[in-house]
Amino acid sequence: VLLALINSVASPLITFGLLFLIEKISDTTTDLQLKEYDNLNHSLLQKMSEIAPGTYQHTLAVAMLAERCAGAIDANPLLTKVGAYFHDIGKMAKAEYFTENQVSIDNKHEQITPKKSVQIIKEHVTDGIVLANKYKLPPRIIDFIPMHHGTTLVKHFYAKAIEEKGENEEINEDDFRYPGPKPNSKETAILMICDASEAISRIADKSIEQIEEIIEQNIQDRILDGQFDECNITLHELNKIKGVLARNLIGVSHQRTSYKEIPKDKTK
């Protein structure tokens, strides 16, 4: 009995002590450490909710979708959710330049060139990495910041630059691409897909078929662009992710019935 009592006290101390040493020495992030960041009261997330409330709401929606997608395939739901919480922290530096935060203000991109706009948009990645290092976020979480965009093209401003270019002006596509790197895990690939798909829930009057078609197109665009070339996600898993996203986004974007009001003369 005495040996059992000693073992029950010593084993957890040795286990957690070794985990702490392993994390410090090898720069490894365990799920135990990730649990510390699965907390919406984290100072960075609280700061985001104040400075960039639209981005904060987007973050919560993406985290929910990403966690469910990870649970549907052989991926880590906890890592995916926590990575999603912090993926857009860099937007706080220039929150007013992102659509979700432009409430009751003019679109600032209307006053600047497409090249300047895309520079500001891309900076949310580098600003996010700087902020994540300042707050000492684990490397596994920081990876989600650049990888959720990979080297994708910022299509809106690229198209706008082509439309507005001068007669002898050359538009370099690479100037309108994120710096990368591309996703190197299933978890970061899931976030890339969910981040792009979440906006569908904000589009009104879309049928189930249209929502599924948009999700399919988002995934296909990234496959053809080589964004998943450096991770081990399979086509079968991508198809499962598409199904999870479709079910969840259809539920979020459904339109409520317009209820009738009781005539005033009948309310007394």
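Every chain is numbered independently, its residues counted from 1 as its sequence is written. Residue-level local features of this predicted model are given only where pLDDT is at least 70; pairs of side-chain atoms are given and counted only at 80 or more, and the full residue set underlies all totals for whole chains, interfaces and linings. Excluded from the side-chain calculation are hydrogens and water; included are all heavy atoms of the structure.

Trainee: Whenever I open this one, the overall build of the protein chain confuses me. Can you help?
Mentor: The helix count covers DSSP runs of H or I at least four residues long, the strand count covers runs of E at least two residues long, and both are numbered beginning at the N terminus. Helix and strand counts for the protein chain come out as twelve helices and zero strands. Along the chain direction, N to C, the helices and strands of the protein chain fall in the order α-α-α-α-α-α-α-α-α-α-α-α. For every residue, the accessible area obtained with a 1.4 Å probe (protein chains only) is divided by the maximum for its type, and the residue is called buried under 20%, exposed over 50%, and partly exposed between those limits. Classification of the 268 residues of the protein chain by burial places 43% in the buried group. In the protein chain, the proportion of contacts linking residues at least 24 apart, taken out of those at least 6 apart, comes to 76%. Using a 1.4 Å probe, the Shrake-Rupley method yields the accessible areas, and only the shown protein chains count as cover for residues. Summed over all atoms, the accessible surface of the protein chain reaches about 15,400 Å², with 54% contributed by carbon and sulfur. Residue contacts are defined here by distance: any two heavy atoms, one from each residue, within 4.5 Å place the two residues in contact.

Trainee: I'm lost on the side chain of Glu-187 in this one. Help?
Mentor: Among the secondary structure elements, Glu-187 is positioned in helix H10 (residues 186–197). When charges are counted, Lys and Arg are positive and Asp and Glu negative, with His and the chain ends excluded. We define a salt bridge as a contact between a side-chain nitrogen of Lys or Arg and a carboxyl oxygen of Asp or Glu at a distance within 4 Å. For the buried Glu-187, no salt bridge exists, and the shortest N-O distance to an oppositely charged side chain is 6.1 Å, to Arg-140. Dropping the residues within four chain positions of it, Glu-187 is found in contact with Ala-75, Asn-76, Leu-79, Thr-80 and Phe-144.

Trainee: Explain a negative patch on the surface to me, please; I cannot follow it from the model alone.
Mentor: On the surface, Asp-106, Glu-110, Glu-163 and Glu-164 cluster together to form a negatively charged patch. By secondary structure assignment, the location of Glu-163 is in helix H9 (residues 155–164). You can call Glu-163 exposed: its relative accessible area is 68%. Each patch is built from residues lacking any salt bridge and having more than 30% relative accessible area; the joining distance is 9 Å for like charges and 5 Å for nonpolar side chains (Val, Leu, Ile, Met, Phe, Trp, Tyr). Charge positions are represented by NZ for Lys, CZ for Arg, CG for Asp and CD for Glu.

Trainee: It is not clear to me how the environment of Gln-119 should be interpreted in this structure. Could you clarify?
Mentor: Within the fold, Gln-119 resides in helix H6 (residues 114–134). For Gln-119, a relative accessible area of 38% corresponds to the partly exposed category. Separated by 57 residues in the primary sequence, Gln-119 and Phe-176 place their C-alpha atoms 8.0 Å from one another.

Trainee: Sorry, what's going on with the packing of aromatic side chains here?
Mentor: Aromatic pairing here means that ring centres of Phe, Tyr or Trp (its six-membered ring) are within 6.5 Å. Orientation follows from the plane angle: under 30 degrees is stacked, over 60 is edge-to-face, and everything else is tilted. Under the counting rule described, the total for this entry stands at two aromatic pairs. Centre to centre, the rings of Tyr-37 and Phe-86 are 6.3 Å apart; their planes meet at 80°, and the pair counts as edge-to-face. Of the two residues, Tyr-37 is situated in helix H2 (residues 31–37) and Phe-86 in helix H5 (residues 77–86); the sequence distance between them amounts to 49 residues. Side by side, Tyr-37 and Phe-86 carry an identical accessibility label, which is buried. Measuring from ring centre to ring centre gives 5.6 Å for Tyr-158 and Phe-176, while their planes differ by 55°; the resulting arrangement is tilted. Of the two residues, Tyr-158 is situated in helix H9 and Phe-176 in the loop between H9 and H10; the sequence distance between them amounts to 18 residues.

Trainee: What am I meant to see in helix H3 (residues 43–51) here?
Mentor: Among the residues of H3, Leu-44, Leu-45 and Met-48 are the ones counted as buried. Along the axis of H3, the buried positions cluster into a sector of 95°, meaning they face one direction only. Close packing links the buried residues of H3 with helix H4 (53–72), H5 and H6. Note that the arc is computed from the directions linking the helix axis to the C-beta atoms.

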